[in-house]
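# Remarks on the overall topology
Each chain is listed here by its residues.
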Amino acid sequence: SQTIHQWPATLVQPVGSPLSLECTVEGTSNPNLYWYRQAAGRGLQLLFYSVGIGQISSEVPQNLSASRPQDRQFILSSKKLLLSDSGFYLCAWSRTSGYEQYFGPGTRLTVT
Amino acid sequence: KNQVEQSPQSLIILEGKNCTLQCNYTVSPFSNLRWYKQDTGRGPVSLTIMTFSENTKSNGRYTATLDADTKQSSLHITASQLSDSASYICVVSATNAGKSTFGDGTTLTVKP
């Protein structure tokens, strides 16, 4: 069976500090990978998606970036966090030919 | 522009009662519609997925309907339980894009 992991579960960071969130998927090969952000009480906003190693598409211009160094590893980064980066970050995967997305447990980021 | 609108934004019902959540979309050309349940602080979990040819699908006490002509879907919850308290998200995908359009969700609170 497939599983998706995210860490850390919670994170409190000061404004201007760097960020690195990691997501890994087990039990499948060549998945599509996604990063979403969810502000409090709001819907999911797609940030990045990837269809393969090194292939990243950005949906929203911002100070965040994503990388996919390995087939089942997806990393969300920032060089300098802003207060507006606070939120709930979700990683998801889908099969190459499928639409169904499977979400990770999420990371709660608070920028102070 | 592809859009997904959900109503109501929030709903409070008593335990044991039924409820229906609505989803209207303008995504075209339509591929599939999915309903997710998201518990507070957790990642969304899939409830149902329907393609163009399907007009109803059940998952336990959850029944989703789809009217592709009017571009409407509903999620009916029967005999609600306290554990049904969550956000319910409608997601629609188009056939010509790998990305999905998310609704903002309906927050359901079931009270004893």
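For the structure itself, look to the data block above.
Right, let's walk through the structure included here.

## Some points on the packing of aromatic side chains
By the definition in use, this model includes 10 aromatic pairs over all chains. Through successive ring pairs, a cluster of aromatic residues spans Y34, Y36, Y49 and F103 of chain A together with Y36 and F102 of chain B. Its end group placed over the ring of Y62 of chain B, R61 of chain B keeps NZ or CZ at 5.7 Å from the ring centre.

## Here we look at the side chain of T24 of chain A
Residue and element names in this part refer to chain A. Within the secondary structure, T24 sits in strand 3 (residues 19-26). The buried category is assigned to T24, whose relative accessible area is 16%. Contact partners of T24, with chain neighbours within four places excluded, come to T3, I4, H5, W7, R72 and Q73.

## Things to note about the interface of chain B and chain A
Between chain B and chain A, the contact holds 22 residues from the first and 18 residues from the second. Between chain B and chain A, the buried area comes to about 1400 Å², and carbon and sulfur atoms account for 52% of it. The largest contributions to the chain B side of the interface with chain A come from P44, K99 and F102 of chain B, which together make up 33% of the buried area. Remark: the boundary between chain B and chain A carries one salt bridge. The partner of R34 of chain B in a salt bridge is E100 of chain A, and the shortest N-O contact between them spans 4.0 Å.

## Here we look at the pattern of salt bridges
A side chain of one charge can pair with a side chain of the opposite charge when the charged atoms of the two come close. Residues and elements named next belong to chain A. All chains considered together, the criterion is met by six salt bridges over all chains. We note a salt bridge from D85 to R37, for which the minimum N-O separation is 3.5 Å. Pair noted here: D85 is in the loop between strand 8 (73-78) and strand 9 (87-94) and R37 is in strand 4 (residues 32-38), with a separation of 48 residues, a long-range link. This pair shows no difference in class: D85 is buried, exactly as R37 is. One salt bridge connects R68 with D71, and the closest N-O pair in it is separated by 3.3 Å. Judged by its relative accessible area of 3%, R68 falls in the buried class.

Rules of the game
Each chain has its residues counted from 1, following the order in which its sequence is written. Chains carry letters from A onward and ligands carry numbers from 1 onward, assigned in written order. With pLDDT at 70 or above as the cut-off, local features in this predicted model cover only qualifying residues; side-chain atom pairs require 80 or more to be listed or tallied, and sums for whole chains, interfaces and linings still use all residues. Side-chain measures were taken over the full set of non-hydrogen atoms in the model, leaving aside hydrogen atoms and water. By convention, a stacked pair of Phe, Tyr or Trp rings (six-membered ring in the case of Trp) has centres within 6.5 Å and planes under 30 degrees apart, an edge-to-face pair has planes over 60 apart, and any other such pair is tilted. Two conditions define a charge sitting above a ring: the NZ of Lys or the CZ of Arg must be within 6 Å of the ring centre, and it must be within 35 degrees of the ring normal. Working definition: helices are DSSP H or I runs of at least four residues, strands are E runs of at least two. Numbering for both runs from the N terminus. The classification of residues rests on relative accessible area computed with a 1.4 Å probe and restricted to protein chains. Under 20% of the type maximum is buried, over 50% is exposed, and intermediate values are partly exposed. By definition, residues are in contact when any of their heavy atoms lie within 4.5 Å. By buried area we mean how much accessible surface two parts lose on assembly, using a 1.4 Å probe and totalling the loss over both. By salt bridge we mean one thing: a side-chain nitrogen of Lys or Arg within 4 Å of a carboxyl oxygen of Asp or Glu.

Just geometry here; none of it tells us what the structure is for.
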